[in-house]
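# Working through the structure, step by step
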Amino acid sequence: MKKIAIAGTGYVGLVTGVCLAEIGHDVICVDRDPQKINTLLKGEATFYEPGLEELMKNNLEAGRLIFTTSPTIGYQDADIIMITVGTPNDPNGSLDLQYIEQISKEIGRTITRNNILIVTKSTVPLGTNEKIKEWIQSELRSPLYFHLAANPEFLRQGAAVYDTFHGDRIIIGSDSKEALHTLEELYKPLHIPIIKTDTKSAELIKIASNSFLALKISYVNALSSICEQIGGNIEEVTLGMGMDARIGTSFLNAGVGFGGSCLPKDTKEVTHLANEVGEPIRLLDEVLEINKRQELRLIDKALARFKSLKGKKAALLGLSFKPNTDDVRESVSIKMAKRLVMEGAIVTAYDPVAIRNAKRELGEIISYSDTLEQALMNADLAFIGTEWEEIKNIPITMFSEWMTEPVIFDGRNCFQLDAMKGFPIEYHSIGRPCVIGKENIIKTFGLGLG
Ligand code: NAD
């Protein structure tokens with residue numbers, strides 16, 4: 001069993017550390033944020049992720065998992081150090097490497113043994129592992145030999161523990177045979193296909209995968225706008241498309257666009273890289289542009305329907321960027337909330353777990369409720385931004401019973417059109433006909449709804 005240090009204990013670092021402890025390794029998670037470490041030491045996860053806290057507690061109790069703010073305690077005895085700090089976009093659209101540089105230098109200052117393996121799990125621009133090597137070397141107190149590998153992370157927030165144990169693939173890229181072998185042995189117990197590549201290919205696989213997923217989403221969203229104009233139904237279109245095994249059904253859901261800390265920034269990174277090497281991919285500029293248009297599409301629909309939202313009571317259902325997480329980074333719901341407030345609506349939001357994080361972004365410009373009922377009670381409009389199971393399972397009668405004027409704008413196509421037909425509500429969704437009243441489907445669509 002290995003001694004593993006996790007450098008940066010955020011979404012990726014904590015899940016990785018806990019899961020590696022679960023398969024028997026001695027893991028020490030380092031973070032520079034003392035508040036985070038104190039919370040973790042109490043056995044409380046610092047964010048919501050299904051199954052994580054229980055697994056974390058078990059491994060803390062078993063003594064396989066330690067948390068510290070000290071780089072020295074964290075890195076000096078480690079066989080493997082995994083870098084999992086954040087890489088947000090910088091103003092040029094590239095990934096900001098300031099945290100990677102800081103942590104690499106801290107690692108350089110604290111390691112004292114030869115043959116340590118340093119693994120980059122953070123999503124980084126091409127060539128970053130070479131820079132990491134230089135940054136570490138620049139701070140070494142005496143000449144040391146260490147190995148480097150790129151091992152990009154593919155976990156999905158909301159299913160991160162599951163994905164760590166059941167992912168589609170593990171990518172390891174390195175120019176060191178020893179590094180590839182060590183990582184292969186480390187991951188063997190997970191029985192996940194392992195792809196070994198050179199370092200730059202591994203770096204590229206990550207951002208290429210995320211930008212391709214973004215492309216799929218934006219393509220379907222662009223088609224959904226066509227459906228709204230011609231009177232088609234995007235769900236039937238994507239069902240027909242997805243039956244073609246070459247296309248597949250996943251990531252073909254129309255909605256108000258993608259958010260989160262990965263898809264937008266990784267897509268920007270590919271466009272930035274493509275421009276830098278003189279091989280521009282304008283297609284990806286359009287992917288981002290479509291997503292931007294899509295984010296406020298529901299509000300545009302509501303404005304087309306009501307002319308003004310001033311003084312309207314709006315329930316906003318779901319605040320996280322996707323279900324099963326409390327992460328609101330780049331969440332479309334947050335953008336919707338801001339725009340609704342700008343339009344003069346009085347907004348009350350509900351989310352099962354993301355209210356605390358949403359408050360940091362939105363403060364008191366909207367109200368928050370602890371229950372769906374409280375959010376919907378006496379509302380004129382309801383906007384659905386996140387497809388939480390709890391939201392998808394609201395009995396449809398609740399909309400008509402609780403709301404004053406039950407007009408629903410569903411950004412995640414949570415409800416079947418047929419199910420809506422029998423209720424006295426007005427239901428607008430993405431790329432599908434609008435349902436009005438008990439049994440009438442109005443044959444006008446989208447923005448031009450009468
Ligand atoms: P995060 O912001 O949740 O976590 C980063 C952590 O690093 C924070 O806790 C921060 O305090 C800590 N940190 C920063 N500098 C430090 C230092 N010098 N020493 C110790 N700790 C330090 O980020 P995240 O969402 O976990 O993402 C991490 C990386 O993984 C990013 O590159 C991201 O693109 C990539 N990634 C994220 C996901 C995801 O779903 N969140 C999935 C795949 C890949």
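### Thoughts on the pattern of salt bridges
Per the counting criterion, the structure on display carries 24 salt bridges. Its salt-bridge partner being Lys335, residue Glu295 comes within 3.0 Å of it at the nearest N-O pair. Taken together, the positions of Glu295 in helix α12 (residues 282-295) and Lys335 in helix α14 (residues 332-342) put the pair 40 residues apart, joining distant regions of the chain. Measuring nitrogen to oxygen at the nearest pair gives 2.7 Å for the salt bridge that ties Asp418 to Lys421. One end of the pair is Asp418 and the other is Lys421, both in helix α19 (residues 417-421) and 3 residues apart, which spans about a single turn. The exposure class of Asp418 is exposed, given its relative accessible area of 58%. Using a relative accessible area of 24% as the deciding quantity, one classes Lys421 as partly exposed.

### What to know about unusual backbone geometry
The phi torsion at Asn115 lies on the positive side, around 70°, for a residue other than glycine. The topology assignment puts Asn115 in the loop between α5 (98-110) and β5 (116-120). Since its relative accessible area comes to 42%, Asn115 is described here as partly exposed. If you check the backbone angles, Glu330 has positive phi at about 55° while not being a glycine. For Glu330, the location among the structural elements is in the loop between β9 (313-317) and α14.

### Quick word on helix α10 (residues 234-242)
Looking at α10, one finds that the buried residues are Ile234, Thr238, Met241 and Gly242. Projected onto a plane normal to the axis of α10, the buried residues spread over an arc of 90° and lie on a single side. In this structure, α10 carries Glu236 and Leu239 as exposed residues pointing more than 90 degrees from its buried face. Buried positions along α10 lie against α9 (199-230). One side-chain oxygen at the N-terminal end of α10 lies 2.8 Å from the backbone nitrogen of Glu235; it belongs to Asn233.

### A few points about the domain arrangement of the chain
How large an interface is tends to be reported as the accessible area lost when its parts come together. Domain assignment breaks the chain into domain 1 (3-197), domain 2 (206-293) and domain 3 (296-442). Using C-alpha coordinates to define each centre, domain 2 is positioned 23 Å away from domain 3. Regarding the contact of domain 2 and domain 3, the summed buried area is about 1,500 Å², with carbon and sulfur atoms giving 47% of it. Taken together, domain 2 and domain 3 are joined by 3 salt bridges. The salt bridge partner of Glu228 is Lys301, with a shortest N-O separation of 2.7 Å.

### Things to note about the packing of helix α11 (residues 263-276) against α12
Viewed as axis vectors pointing N to C, α11 and α12 meet at an angle of 155°, and their least axial separation amounts to 9 Å. Put simply, α11 runs roughly antiparallel to α12. The two elements α11 and α12 meet at a crossing, and its hand is left-handed. Mapping the contact onto sequence places Pro264, Thr267, Lys268, Val270 and Thr271 in α11 and Leu284, Asp285, Val287 and Leu288 in α12. The residue inventory of the contact of α11 with α12, partitioned by class, reads 5 nonpolar, 2 polar and 2 charged.

Parameters at a glance
Once a new chain begins, its residue numbering starts again from 1 and follows that chain's sequence as written. Residue-level local features of this predicted model are given only where pLDDT is at least 70; pairs of side-chain atoms are given and counted only at 80 or more, and the full residue set underlies all totals for whole chains, interfaces and linings. Hydrogens and water molecules were not included; the side-chain quantities draw on all heavy atoms of the structure. The working definition used for a salt bridge is a side-chain nitrogen of Lys or Arg within 4 Å of a carboxyl oxygen of Asp or Glu. Each helix corresponds to a stretch of at least 4 residues labelled H or I by DSSP, and each strand to a stretch of at least 2 residues labelled E; elements are numbered beginning at the N terminus. Buried, partly exposed and exposed residues are distinguished by accessible area as a fraction of the type maximum, computed with a 1.4 Å probe on protein chains only: under 20%, between the cut-offs, and over 50%, respectively. In this description, one arc is meant: the one made by directions from the helix axis to the C-beta atoms. For this analysis, residues touch if any pair of their heavy atoms sits within 4.5 Å. In protein, a polar contact requires one atom able to donate a hydrogen and another able to accept it; more generally it is a pair of N or O atoms within 3.5 Å, and residues adjacent in sequence count only if both atoms are side-chain atoms. For every domain, the bounds stem from an assignment made automatically or drawn from a database. Here the buried area means the combined drop in accessible surface, using a 1.4 Å probe, for two parts upon being joined, counting both sides. Lines fitted to C-alpha atoms define the axes here, with helix axes fitted over just the stretch in contact, and angles between the N-to-C directions of these axes take values from 0 to 180 degrees. Every angle not falling under 35 degrees, over 145, or within 65 to 115 is termed oblique; those three ranges are roughly parallel, roughly antiparallel and roughly perpendicular. Take the far helix as your reference; a near helix turned counterclockwise from it by less than a right angle gives a left-handed crossing, and one turned clockwise gives a right-handed crossing. Residue classes follow a fixed rule: Ala, Val, Leu, Ile, Met, Phe, Trp, Tyr, Cys and Pro count as nonpolar, while Asp, Glu, Lys and Arg count as charged, and any other residue, Gly among them, counts as polar.

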